[in-house]
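Fold and geometry: a report
What follows is the residue order along each chain.
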Amino acid sequence: MTPPLPQARPGSVSGWVHSVETGGTVDGPGIRYVLFMSGCPLRCLYCHNPDTQHMHDGTRTTSTEVLEDIALYAEFLKRAHGGLTLSGGEPLVQPEFAAAILRGAKALGMHTALDTSGFLGNHADDHLLEDVDLVLLDIKAFSEKTYRHLTGVPLRPTLEFAERLAGLNKRIWLRYVLVPNLTDDAAEIDGLAEFVAGLGVVDRVDVLPFHKMGEHKWKALGRKYMLTDTEPPSHELVERVRGQFQARGLRAD
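Residues numbered from 1 in each chain as written. Predicted model: local features only at pLDDT ≥ 70, side-chain atom pairs only at ≥ 80, totals over all residues. Heavy atoms only, no water.

As annotated in an unreviewed UniProt entry, the protein chain carries the name Pyruvate formate-lyase-activating enzyme and is attributed to Azospirillum oryzae. Entered under Subcellular location (unreviewed entry) in the UniProt record, the comment concerning the protein chain runs "Cytoplasm". Its UniProt record, at the heading Catalytic activity (unreviewed entry), says of the protein chain: "glycyl-[formate C-acetyltransferase] + reduced [flavodoxin] + S-adenosyl-L-methionine = glycin-2-yl radical-[formate C-acetyltransferase] + semiquinone [flavodoxin] + 5'-deoxyadenosine + L-methionine + H(+)". (UniProt positions renumbered as here; feature names shortened; annotations may be inferred.)

Following this line, the structure appears as structure tokens:
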């Protein structure tokens, strides 16, 4: 007999979760509890978690249950100068669920980060963002043509969300996946670097070399991986792109 789905307690919110990482070190400062939420409107060609794209493919739970688990690690994470990161998928597919978890994490005294493409930035109201200390913002390209080809959605909502974050003085770590012959155009990167520097709230830029570690997931889902023949960027290309951001006064790693 199938067990009943979890029901939200009064004041709790139901949502869908893909997975959890309790010792994350790349999704914000320190050691982090990373909650990978289900659902994403983008269809990135290099997506390494295509199994998170459909919300109901995740596990249904409640914000109360999630926070009970987070609380088990909270004191350690605070001592490790870490905290909670909401990732995905795209956390803003489930804004009420995300907001409830962020509020609870702040009540535990934790640092919070939101890992987002920004495409659904209008789903994040000011109350949700008040409980976010850091936004890990993925701007995947800087021309409308490249962005649509790469993600299947328009670029402008992400840029508007970045501008809104700047208006709120919300700190940003920019993430930029470098794909040879797709996101390596020097002029586009210069444009992005100028835009990002102008925001005044970007503390660092992570230039992330393209990899194919998620290719097997596409095959498992019976879907064609379009970048099979694309190789990771060379060290020289990565350093060139980092240098373009650094030339605008940005810290680029």
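Let us now look at the sheet that holds strand β8 (residues 202-209). One open sheet holds the eight strands; their spatial order is β3-β1-β2-β4-β5-β6-β7-β8, and the pairing between them is mixed. Only two strands of the sheet have a single partner each, and these edge strands are β3 (59-62) and β8. Direction aside, the axes of adjacent strands within the sheet are offset by 30 degrees on average. Relative to strand β6 (residues 134-138), strand β5 (residues 111-116) runs parallel, the two being bridged by four bridges. Paired with alanine 113 across the two strands is leucine 134, which belongs to β6. Helix α2 (residues 95-107) contacts β1 (14-24), β2 (32-37), β3, β4 (83-87) and β5 of the sheet and is inclined by roughly 175 degrees relative to β4. Strands β7 (171-178) and β8 of the sheet are contacted by helix α6 (residues 186-199), whose axis makes an angle of about 170 degrees with β7. (Pairing = 2+ DSSP bridges. Helix = DSSP H or I, 4+ residues; strand = E, 2+ residues; numbered from the N terminus. Axes fitted to C-alpha atoms, helices over the stretch in contact; angles between N-to-C directions. Contact = heavy atoms within 4.5 Å.)

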